[in-house]
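Observations on the three-dimensional arrangement
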Amino acid sequence: MPHIHPKTTPIYQTSVFAFEDLNALELYFSEPGQSYMYTRYGNPNADELAQEVNKLEKGIGAVVTSSGMSAILAAILAVCKAGDHVLYAEEIYGGSSSLLVQELTRMGLDVSAVPTADTYNLQAHVKPNTCMMLAETMSNPLLLVLDIKQLAQQTKQHNLKLVIDNTFASPILTQPLLLGADIVIHSVTKYLSGHSDVTAGVVVSAQPEDLKRVKQVMMVYGLNLSPFESWLAARGLKTLRVRMRQHCSNALTVARYLAQHPKVEKVWYPGLEQHPQHELAREQGQGLFGGMLSFKIKDDTAAVNALMQALEHIPFAPSLAGVTTSLSYPVGTSHRSLSEAQRQKIGITAGVIRLSVGIEEPEELLADLEQALAAV
Ligand SMILES: Cc1ncc(COP(=O)(O)O)c(C=O)c1O
């Protein structure tokens, strides 16, 4: 074979690696990270993705996983054990609260939600066995912006690990570990991979002992990401910075347009001056406000359906952060597992639509929204 120097990393689509002899096996165990044995434990494509995300998040190391959900699971299992108590912000992705409330309670975890009003005053919620708190930089779906520094002061005071889901913001806006978080997780499915063609997750740590535990959990629970998915995500990640700039610029344009539309009752976007955490969002997001927004038309599913049916270029697709714009419906998808009362309390009502603004020419988006809102 001639010497081959590919410019990009090849796909190591193999489940296992061969050893020359027992000496090579011993070398593998004595120099971790220098060679590979079994893809569930480690693979060059997964490691490349982990290293690139780690650089962006300014961690001491990262582990990639098969989905955002398995990243959250790995983070929780890394720092908590049966009998411990976990706090989570009331306003988070419905899948994350389901994992805690419906599943991990069966395994002996005690969990409770922190009401939004108490986010920076955990005293009344912390118990002697509380081990961690889970919250999102920008909440799904109503874009509540978390003051990570202030929350980290609280969690440090109570000796809890702070786990931040940075999926909506991306490290281009916010690097939670630099603000005091202990662990960052992402649904890599979203902005980091960016093209709606991968399901993946990542856990980034600030401390070596957490990283070691996350690796152990990933390997033993079998939460690894496949080589091809890792490769796709690493490929998408290369354009994250330029994509995010366009997502943010387009989202601001669309948010301003929707905010003045007579059929739109409310817009949640941190880039609008009227957003309650606008200044915090500016500071914590380096002047960028993200590509996600939610808006509310009248609380009537027939009106929501009319809008969806009239849109020509914006599909109803219950995910987010792809290069093309899509919308989702929190009552029916991401927050379906919540009770009606829980949704009402947060403000997720029948007319709330979540928009993931893509990187198209903004005029195309405004034209599509204009003609579809006319049909409502
Ligand atoms: C904020 C947030 N975190 C985590 C997840 C879960 O990620 P995945 O679908 O990749 O498992 C999602 C999915 O929508 C999400 O929106």
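Up top is the structure these notes are about.
Residues numbered from 1 in each chain as written. Predicted model: local features only at pLDDT ≥ 70, side-chain atom pairs only at ≥ 80, totals over all residues. Heavy atoms only, no water.

1. Describing the state of the cysteines
Considering all chains together, one arrives at 1 disulfide under this definition. Paired by a disulfide, Cys80 and Cys131 hold their sulfur atoms 2.4 Å apart. The sign of the 90° torsion about the S-S bond sets the Cys80-Cys131 disulfide as right-handed. You can see Cys80 sitting in the loop between helix H3 (68-79) and strand S2 (85-89) and its partner Cys131 sitting in strand S4 (residues 130-136), a full 51 residues away along the chain. Using a relative accessible area of 11% as the deciding quantity, one classes Cys80 as buried. Overall, the relative accessible area of 11% leaves Cys131 in the buried class. (Disulfide = S-S within 2.5 Å. Helix = DSSP H or I, 4+ residues; strand = E, 2+ residues; numbered from the N terminus. Buried < 20%, exposed > 50% of the residue type's maximum accessible area, 1.4 Å probe, protein only.)

2. Considering the side chain of His85
By secondary structure assignment, the location of His85 is in strand S2. Note on His85: relative accessible area 0%, which makes it buried. Among the polar contacts listed, one links the side chain of His85 to the side chain of Ser112, at a separation of 2.6 Å. Here Thr130 takes part through its side chain, which lies 2.7 Å from a polar atom of the side chain of His85. Leaving out residues up to four positions away in the same chain, His85 has contacts with Asp110, Val111, Ser112, His125, Lys127, Asn129, Thr130, Cys131 and Met132. (Polar contact = N/O pair within 3.5 Å; in protein donor to acceptor, adjacent residues only side chain to side chain. Contact = heavy atoms within 4.5 Å.)

3. Section: the nonpolar core
Formed by 118 residues in total, the largest nonpolar core has its most connected members in Leu258, Phe295 and Leu355. The residues touching Phe295, leaving out its near neighbours within four places in the chain, are Leu258, Val264, Lys266, Val267, Trp268, Leu307, Gly351, Val352, Ile353 and Leu355. (Core = buried A, V, L, I, M, F, W, Y, C linked by side-chain atoms within 4.5 Å.)

4. A closer look at helix H7 (residues 227-237)
Those residues of H7 lying buried are Pro227, Ser230, Leu232, Ala233, Ala234, Gly236 and Leu237. Buried residues along H7 sit in contact with helix H2 (44-57) and helix H8 (240-259).

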